[in-house]
Amino acid sequence: MTSPTNSVSILQRITLNPQQKEAVVCEKWPQLVFAGAGTGKTRVLTAKIAYLIEQRRVYPNRIFAATFTNKAAGEMRSRVENLVGISCKGMWIGTFHSMCARILRQQAHRIGYTPAFTIFDQDDQLSLLRAVMKSLELDERTMQPRHALSVISKYKNRCLSPEDVAGTGKSYYDQEAIRVYEHYQKALVQQQAMDFDDLIANAVRLLRAEPEVLQNYRTMFEYVLVDEYQDTNVAQFHLVQLLASGHGRVFVVGDDDQSIYGWRGAQVENILSFDRHFPNTTTFKLEENYRSTQAVLDFANAVIRSNTRRAPKQLWTGKAGGAGVIVARYGDDRQEAQGVVERVSELSRAGTKLGDMAVLFRTNAQSRAFEEALRRRNVPYVLVGGISFYERKEIKDCLAYLRLLVNPKDDVSCDRILNVPSRGIGAKSRDTLIEAARRSSRSMLEVIVAGDCTGLGAKSFSGLEELRSVFLLMRELVEQSRAPNEILQEMLTVTGYIDRLESEESEEADARLENINELMNALAIWSQENEAGGIAEFLEEVSLATDIDRWDKETDSLNLMTLHCAKGLEFSSVFVVGLEDGLLPSRQNFDDEAKLAEECRLFYVGATRAMRTLECSHVDQRWRFGSLMPMTPSRFLEAVPEKLFDTVDHTRVAAEALPSMLSFRPQRVRESKSGGGERRKIRIEPQHDEFDQDIVQYRMGQHVMHRTYGPGKILSISGFGPDMRLTILFNDGTRKRLMARFANLESS
DNA sequence: TTGTTTATTCTTTTT
DNA sequence: GAATAAACAA
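The paragraphs below set out a description of the structure included in this document. Quick caveat, the model's predicted, so the values are computed rather than measured.

## A few points about the nonpolar core
A general trend in soluble globular proteins is that nonpolar side chains are found buried together.
Turning to step 1, where the next piece is worked out: Counting residues in hydrophobic clusters, the biggest one holds 70 residues, and the most contacted among them are L199, L207 and V224.
Turning to step 2, where the next piece is worked out: Residues in contact with V224, not counting those within four places in the same chain, are F64, V240, L243, A244, R249, V250 and F251.

See the structure below:
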């Protein structure tokens, strides 16, 4: 530890207001801090940890601190280190998920896992669930895999195992869902894999089942701190309780007004009734906002005011005045993007850095219009979130090979790369392999490596042999302790993955190659920085990485992200866009009051990100599902008193100045399947005229022109109306049978 | 068995 | 309009 320091030193090195200071030095546990937006929540948490280490002589490795993202954890660790001047390497600070994964790897054998277990992301979960449903002969149309997954997730978030919920299904559907859960869970264990929810649920299960393990961690973690407590779910609450209720030294920080993860199982009740679960809690309230101007804060307060069921609080700021909040109206989403980019340029010219500005939206899909507008104007930007790097096909393929190297039981990964790049193993051979694995209770890769799968065609057999040799080679390279990036490189060469992409010579393939290169670089850098780190550790980091983790505010580019992603961040200027009913609030949450309230808080979170200027916008019509939909301003805007913002109407100006922007597209009329079928039943005689208003009339022998096949002659016509098929002999001698509706033929 | 074309569905939000 | 599933031609 450091040399003795005098009792006020830590408090001298960090500026705290009286309330913050009280929370930091308080010795009466447990402690709860209600910290409104911008009131210095992170500052208090950091100071608290530093105070514990320096003043209370707590060893860093005795502290368990859960944050919402890895990035927040990393920042907090280095801030604490700066404050106390010693390394805090041993401190447990990270997301619940990453720390649970760490505990579970240490104790894996106790719950039927090896330490090398794989972590499944949503994509993997879905693949596994599909496989499970297939083996149960459940039709995906009767039970949507995604829905089943959300049901399972809800159970896991409440720490309910399949056994716990067995027999509780009210409807047939519920019972089937429980049956799927049971088999899904079995499959996870069989493949030595855990999904995100398992990381928490299994940690709780472990601590409950093994008293001496629990006792170990309880004595180890003398202090338990939790950031963003309003976003914890039941399982996380249980974990905190298990670790901390013995000694009661628990310190949580949060803001019920910023609870925006209810859909993921988070319970605001956790923070609202904290003192019920942790008796004799000392509660603090931070209400002085250091971030925003009075104008921004007044607006934000008005947004949240209508929400019921919140702990009473009133944020105030010393930053009187400030630019008024603007609410802009645009004709459509393209104009909105254009208008916002215009404003961004103005602010940029006036001295605000691009990196200090952000465009915040409800859905990822909204980013497109902005990206296009920004690219047109050559404004540098970063898009945070969306399809992350590690979710790209080519990257997931590479990772699947690596995952299999670490955990050969991972059938989801094996299934993924079985025929990637294609090596002649089709659906049939795949089923044969799966069946062989099932019969001998081995994993797919184990069967492949053993090379004893029978009943395959020659082509598939040699394909499997090829795959087998790839893995034998990779394992040999691991034996020789070759660098992980070299092993990946070797795999990509041997399998011909690189060759395939190179010979494709398309822009897309080039982008893929570039991504793969980037992955190899990341792997190389990573293995250099983490001497002890093997492939397994790299994979863990990758699967628990968040989008925001890779975000760097220092690069001076305009930030585009979802409202969810923006939580915890602040920007000088903020644009909250797409403020329309159906989008914010989302239409899917219209009928549920609690969900609607969460949408409102989402808007509040967005508004409170702004330090100096806040501009909101909504449009009259928006492109959705490929067609232009009329939109009305968000009900949350209507609830804000008009004196708190200035309205700017861009619709008329835009219509005159940008006639080309009003792109008119003919609405495509779609023939519904059932509609077509009914008509056919009614009509006994072929009567083309009713259908053929927009379909060209054809006759046998007619000469026609096809867009890709060129000129040809109609040989025969079958079916009628929307089902009409034409057999055409093209001039190059090929004969094709085409649907008249889609053939797009011209008479010639 | 494979690539291509066609049909359908879909959008919240993410550890 | 894009991603994905199904259907089809080769």
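Here the narrative resumes.
## Brief notes about the packing of aromatic side chains
Turning to step 1, where the next piece is worked out: Following the criterion strictly, the structure yields 15 aromatic pairs and no others.
Turning to step 2, where the next piece is worked out: Geometrically, the ring pair formed by W92 and F221 is edge-to-face, given 5.1 Å between the ring centres and 70° between the ring planes. Taken together, the positions of W92 in strand 3 (residues 92-95) and F221 in the loop between helix 11 (211-220) and strand 6 (223-226) put the pair 129 residues apart, joining distant regions of the chain.
Turning to step 3, where the next piece is worked out: A relative accessible area of 2% places W92 in the buried class.
Turning to step 4, where the next piece is worked out: Look at F221 and you get buried, because its relative accessible area is 0%.
Turning to step 5, where the next piece is worked out: The interplanar angle of 90° and the centroid separation of 5.5 Å between the aromatic rings of Y229 and F274 together place this pair among those described as edge-to-face. Of this pair, Y229 sits in the loop between strand 6 and helix 12 (234-244) while F274 sits in helix 14 (residues 274-277), and the two are 45 residues apart along the sequence. Here Y229 and F274 have matching classes, each one buried.

## Re the pattern of salt bridges
Turning to step 1, where the next piece is worked out: Applying the stated rule across the entire model yields 49 salt bridges.
Turning to step 2, where the next piece is worked out: The closest approach of N and O atoms between R105 and E540, which form a salt bridge, is 2.5 Å. Here R105 is found in helix 5 (residues 96-107), whereas its partner E540 is found in helix 26 (residues 535-544), with 435 residues between them in sequence.
Turning to step 3, where the next piece is worked out: By relative accessible area, E540 is classed as buried at 16%.
Turning to step 4, where the next piece is worked out: Connected through salt bridges with shared partners, the residues D121, D123, D124, K396, D397, R403, D410 and R416 form a single ionic network.

## Section: the sheet that holds strand 1 (residues 31-35)
Turning to step 1, where the next piece is worked out: Taken in spatial order, the six strands of this open sheet run 3-2-6-7-1-8, and their pairing is parallel. In the strand order of this sheet, the two ends are held by strand 3 and strand 8 (282-286), each with one partner. Here the average twist between neighbouring strands, direction ignored, is 15°.
Turning to step 2, where the next piece is worked out: The pairing of strand 2 (residues 63-67) with strand 6 spans four bridges and is classified as parallel. Residue pairing for strand 6: A65 is matched across the bridge by L225.

## Concerning the state of the cysteines
Turning to step 1, where the next piece is worked out: Counting across every chain of the model gives zero disulfides.
Turning to step 2, where the next piece is worked out: Not engaged in a disulfide, the cysteine C453 finds its nearest cysteine sulfur in C414; these two sulfurs lie 11 Å apart.

## A word on helix 4 (residues 70-84)
Turning to step 1, where the next piece is worked out: The end-to-end C-alpha separation of helix 4 is 21 Å, in line with the 21 Å expected for 15 residues at 1.5 Å each.
Turning to step 2, where the next piece is worked out: Buried within helix 4 are the following residues: A73, M76, V80, L83 and V84. Projected down its long axis, helix 4 shows its buried positions confined to an angular sector of 95°, all on one face.
Turning to step 3, where the next piece is worked out: Looking at the buried side of helix 4, the elements it contacts are helix 1 (9-13), helix 3 (41-54), strand 2 and strand 3.

## Remarks on helix 11
Structurally, the α-helix is built with 3.6 residues per turn, so residues lying three or four positions apart point the same way.
Turning to step 1, where the next piece is worked out: All of the buried residues along helix 11 are V213, L214 and Y217. Along helix 11, the residues classed as buried sweep out an arc of 100° about the axis, all on the same side. The outward face of helix 11, more than 90 degrees from its buried face, is lined by the exposed residues P211 and N216.
Turning to step 2, where the next piece is worked out: Against the buried residues of helix 11 lie helix 5, helix 10 (196-209) and helix 12.

## Brief notes about the packing of helix 11 against helix 12
Turning to step 1, where the next piece is worked out: For the pair helix 11 and helix 12, interaxial distance at closest approach is 8 Å and the crossing angle is 75°. It follows from the interaxial angle that helix 11 and helix 12 lie roughly perpendicular. On helix 12, the residues touching L214, Y217 and R218 of helix 11 are Q241, L242 and L243.
Turning to step 2, where the next piece is worked out: A breakdown of the residues in the contact of helix 11 with helix 12 according to their chemical character gives four nonpolar, one polar and one charged.

Conventions adopted
- Residues numbered from 1 in each chain as written.
- Chains lettered and ligands numbered in written order.
- Predicted model: local features only at pLDDT ≥ 70, side-chain atom pairs only at ≥ 80, totals over all residues.
- Heavy atoms only, no water.
- Core = buried A, V, L, I, M, F, W, Y, C linked by side-chain atoms within 4.5 Å.
- Buried < 20%, exposed > 50% of the residue type's maximum accessible area, 1.4 Å probe, protein only.
- Contact = heavy atoms within 4.5 Å.
- Phe/Tyr/Trp six-rings, centres within 6.5 Å; stacked < 30°, edge-to-face > 60°.
- Helix = DSSP H or I, 4+ residues; strand = E, 2+ residues; numbered from the N terminus.
- Salt bridge = Lys/Arg side-chain N within 4 Å of Asp/Glu carboxyl O.
- Pairing = 2+ DSSP bridges.
- Axes fitted to C-alpha atoms, helices over the stretch in contact; angles between N-to-C directions.
- Disulfide = S-S within 2.5 Å.
- Expected span 1.5 Å × (residues − 1).
- Arc of directions from axis to C-beta.
- Parallel < 35°, antiparallel > 145°, perpendicular 65-115°, else oblique.
- Nonpolar A, V, L, I, M, F, W, Y, C, P; charged D, E, K, R; others polar.

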